[in-house]
Amino acid sequence: MSKKAYKKQCAVLAYRLSKRGPKIALVTSLETRRWVLPKGNLVNGLSARQSAALEAFEEAGLEGTMAKRSCGSYDYEKTELKGGGLCRVSVYPMAVTRVKRNWPEKALRERKWMSIEKAVAAVGEAELKTLIARFGKTLK
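Since this is a predicted model, take the numbers as computed values, not measurements.

### A few points about the pattern of salt bridges
Here's step 1: Across all of its chains, the model carries five salt bridges by this definition.
Here's step 2: Between Arg 98 and Glu 63 there is a salt bridge, and its shortest N-O distance comes to 3.6 Å. Highlighted residues: Arg 98 in strand β7 (residues 86–99) and Glu 63 in strand β5 (residues 62–66), separated in sequence by 35 residues.
Here's step 3: Salt-bridge contacts for Arg 88 lead to Asp 75; the nearest nitrogen and oxygen are separated by 2.8 Å. Taken as a pair, Arg 88 in strand β7 and Asp 75 in strand β6 (residues 72–77) lie far apart in primary sequence, 13 residues in all.
Here's step 4: Its relative accessible area of 33% is what places Arg 88 among the partly exposed residues.
Here's step 5: Assessed through its relative accessible area of 17%, Asp 75 is described here as buried.
Here's step 6: A single network of salt bridges, built from pairs that share partners, joins Glu 59, Glu 105 and Arg 109.

Shown next, in the form of structure tokens:
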């Protein structure tokens, strides 16, 4: 089996704590409208962590305190429309402190707060389901 080349991406696992338990913010993807974490390519001149924070703002209108380290990663296959290829996404937790009413991609995406259980059920990638469930256990 040959070694595959991964495109590196970053994502934010944006969360907030409520009386009913922790909530995770998901957004819809542009083409398939699936529920995903705010994610994207690394931005030149920014670290993966800083790039992830920028994605959270652009795609979901969220700002907050970023964790210093990634809580894990997951792989997915990019659609041919988006250039194809295998991507490895490093995920950074962010404790949300500001939820903007307007943000750059508001007209393109839906943002929704979900319980850990609903977020796990909503995302498609098996590795991402595991990552969210594992992270959720650290918040309870």
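### Some words on the pairing of strand β1 (residues 7–18)
Here's step 1: Relative to β7, β1 runs parallel, the two being bridged by nine bridges. Bridge assignment links Leu 13 to a residue of β7, and that residue is Pro 93.
Here's step 2: As defined by bridge partners, β1 adjoins strand β4 (residues 39–41) across three bridges and the pair is classed as antiparallel. Within the sheet, the bridge partner assigned to Ala 11 lies in β4 and is Lys 39.
Here's step 3: By the bridge criterion, four bridges tie β1 to strand β2 (residues 21–28) in an arrangement that is antiparallel.

### Structural notes on the packing of aromatic side chains
Here's step 1: Within the structure shown, the criterion is met by two aromatic pairs.
Here's step 2: On the basis of an interplanar angle of 35° and a centroid distance of 6.3 Å, the ring pair of Tyr 74 and Tyr 76 is categorised as tilted.
Here's step 3: Here Tyr 74 falls in the buried class, since its relative accessible area comes to 1%.
Here's step 4: On the basis of relative accessible area, Tyr 76 is assigned to the buried category, the value being 10%.
Here's step 5: The positively charged end of Arg 16 is found above the aromatic ring belonging to Trp 113, 3.9 Å away from the centroid.
Here's step 6: For Arg 88, the ring lying beneath its charged end belongs to Tyr 6, and the centroid distance is 3.9 Å.

### So, helix α3 (residues 126–139)
Here's step 1: In this model, α3 (14 residues) spans 21 Å end to end at C-alpha, consistent with the 20 Å of a helix rising 1.5 Å per residue.
Here's step 2: Listed as buried for α3 are Leu 128, Leu 131, Ile 132, Phe 135, Gly 136 and Leu 139. Looking straight down α3, one finds its buried side chains confined to an arc of 135°; they lie on one side. Opposite the buried face of α3, at more than 90 degrees from it, the exposed residues are Ala 126 and Lys 137.
Here's step 3: Buried positions along α3 lie against β1, β2, β6, β7 and α2 (116–122).

### Some thoughts on the nonpolar core
Here's step 1: The biggest cluster of nonpolar side chains holds 22 residues, and the ones touching the most others in it are Leu 13, Ile 24, Leu 26, Leu 37, Val 91 and Ile 132.
Here's step 2: Contributions of two or more residues to this core are made by β1, β2, β6, β7, α2 and α3.
Here's step 3: Cys 10, Ala 60, Leu 62 and Val 96 belong to the second-largest nonpolar core, a separate cluster that totals 16 residues.

### Regarding the environment of Pro 22
Here's step 1: Mapped onto the secondary structure, Pro 22 falls in strand β2.
Here's step 2: For Pro 22, a relative accessible area of 9% translates into the label buried.

What counts, and where the lines are drawn
- Residues numbered from 1 in each chain as written.
- Predicted model: local features only at pLDDT ≥ 70, side-chain atom pairs only at ≥ 80, totals over all residues.
- Heavy atoms only, no water.
- Salt bridge = Lys/Arg side-chain N within 4 Å of Asp/Glu carboxyl O.
- Helix = DSSP H or I, 4+ residues; strand = E, 2+ residues; numbered from the N terminus.
- Buried < 20%, exposed > 50% of the residue type's maximum accessible area, 1.4 Å probe, protein only.
- Pairing = 2+ DSSP bridges.
- Phe/Tyr/Trp six-rings, centres within 6.5 Å; stacked < 30°, edge-to-face > 60°.
- Lys NZ or Arg CZ within 6 Å of the ring centre and 35° of its normal.
- Expected span 1.5 Å × (residues − 1).
- Arc of directions from axis to C-beta.
- Contact = heavy atoms within 4.5 Å.
- Core = buried A, V, L, I, M, F, W, Y, C linked by side-chain atoms within 4.5 Å.

Keep in mind that these numbers describe shape and distance, not what the molecule does.
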